[in-house]
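Residue strings, one per chain:
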Amino acid sequence: MELDLVQDLRKRVDTKKGVLILTHERPDIDALGSVSGLGWVLSEAGIPFTLEIEDWGHYSRDLIPKSESVCPEIQVLLDTSEPSRVFGYRSDLEVFVVDHHPQETVRFSGVIDTSCCSTSALLAKLVRPYLDSKSSTCLLAGLLSDSGVLTYSNTNEGCVSMAIALLEAGADWEKAYREATKICGWEQAIRIGHLLSRVKAYAPGVYMLVVSAEERTRMKFTDSDFSLALSLMQWIGDGRLFVTVRENPRHGVVNVSLRSRGTGKALELAKALGGGGHRMAAAAKLRQELQLVVLRVTELIEGLEREQTSILGRVTPEDEQLAELLEKTAFLSTGVDKNALSTIRRLVVDGADPERASWLARQDIDLLAIHELGQWLTSEAPGRKPHTFLESLVFRQVDEDCPA
Ligand SMILES: [Mn+2]
């Protein structure tokens, strides 16, 4: 039997007090979608709550539920179970965790499920009877963000089933997709274009973006710019490892983010650098000179090279059908309904690998295409018409009235 989180929280809190909802610092869309999704659910259920978030970033203001001023009795930690990473953590309160990251030591009660593609998908399971269109749109945004719109290796049957359930509960696919992929206006699009023009190939299938503190300050690159550039880099068809290395002007640290495909080793590399994360999406923070970090990363990549990891294994007819569906819907950016998702679920159950299918559908996209996309973003006047597939895709990601 699945836990009913709403009933559970109702039992634990006094009607006059309430629940404090928290997540990690520098929250991503999975974190924000989970926090806001749970907020909407609790407000529907009449349980008082407060959200305390470091930064909502570009998240749509109409998807953020209003916090009440409560004197909380319990804090729910979403998308992390590590107090030192939680923004607003209170050591005097009881803790309940919902997370899909592996937990080193069990310290708190809660639900940890590393087989879930996102915390928002896991949370959706726990509050399923209470979902409405607002909460399910928020949770779907988180699911789509963490699963690369159902194309990363964490996209399993449960993940697709939950996307269907959220759609049935009233989620707005287009809005959730937009939240998961949003570029905030043409100013941000242009900065991302500058970043994409700087991407280099370091070994076959290995693409890296290195930015110094000086460059970062001069070009006003933000964390969100880097994370969107890293997503866009992953359109490169033959890529199996994608890396950003950025020097932080304020803290004298260098941040490394890694994404890998197939048998790629993002987590292994991150651990070698003293960091952590998921198997295919990981990060590390180093207090070292930028050039030394780049050297270390390059050496680690060369070590991988010798192992000759294969990208993706054998392609099946189900992979091909799924690739076709991805192409037809422009990678699920348009024309997605319950039928399309049910087809995806059937193909996944029959053995299709969403990552392999998306690799098939992206085969023609190379580093040159990413550089050209960068050029188009930086040279064209904002709002000019797109020509290529990638240009149209990114064009639709740009939200001209997103919150500043
Ligand atoms: Mn997550």
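These notes cover the structure that comes with them. Note that the structure is predicted; figures quoted are calculated from it, not measured.

About the criteria used
- Residues numbered from 1 in each chain as written.
- Predicted model: local features only at pLDDT ≥ 70, side-chain atom pairs only at ≥ 80, totals over all residues.
- Helix = DSSP H or I, 4+ residues; strand = E, 2+ residues; numbered from the N terminus.
- Pairing = 2+ DSSP bridges.
- Axes fitted to C-alpha atoms, helices over the stretch in contact; angles between N-to-C directions.
- Contact = placed C-beta atoms within 7 Å.
- Buried ≥ 20, exposed ≤ 12 C-beta atoms within 10 Å, placed from the backbone.

1. Points about the environment of V106
Mapped onto the secondary structure, V106 falls in the loop between β4 (94–99) and β5 (109–112). Placed 25 residues apart in sequence, V106 and S81 show a C-alpha to C-alpha distance of 8.9 Å.

2. Brief notes about the sheet that holds strand β11 (residues 276–277)
Ordered in space as β7-β8-β9-β10-β12-β11, the six strands form an open sheet in which the pairing is mixed. Whereas interior strands pair on both sides, the edge strands pair on one side only; in this sheet they are β7 (200–203) and β11.

3. Observations regarding the sheet that holds strand β1 (residues 18–23)
With parallel pairing, five strands are arranged side by side in an open sheet as β2-β1-β3-β4-β5. If you trace the sheet from one side to the other, it starts and ends with β2 (49–51) and β5, each paired once. Sheet twist, expressed as the average angle between the axes of neighbouring strands with direction ignored, equals 20°. Sheet topology places strand β3 (residues 72–78) next to β4; five bridges connect them, and they run parallel. Across the sheet, Q75 pairs through a bridge with V95, a residue of β4. Contacting β1, β2 and β3, helix α2 (residues 29–45) runs over the sheet at an angle of about 165° to β1.

4. Description of helix α6 (residues 173–181)
Along α6, the positions that sit buried rather than exposed are W173, A176, Y177, E179, A180 and T181. Buried positions along α6 lie against α2, α4 (133–146), α5 (157–168) and α16 (389–397).

On their own, these measurements won't tell you what the molecule is for.
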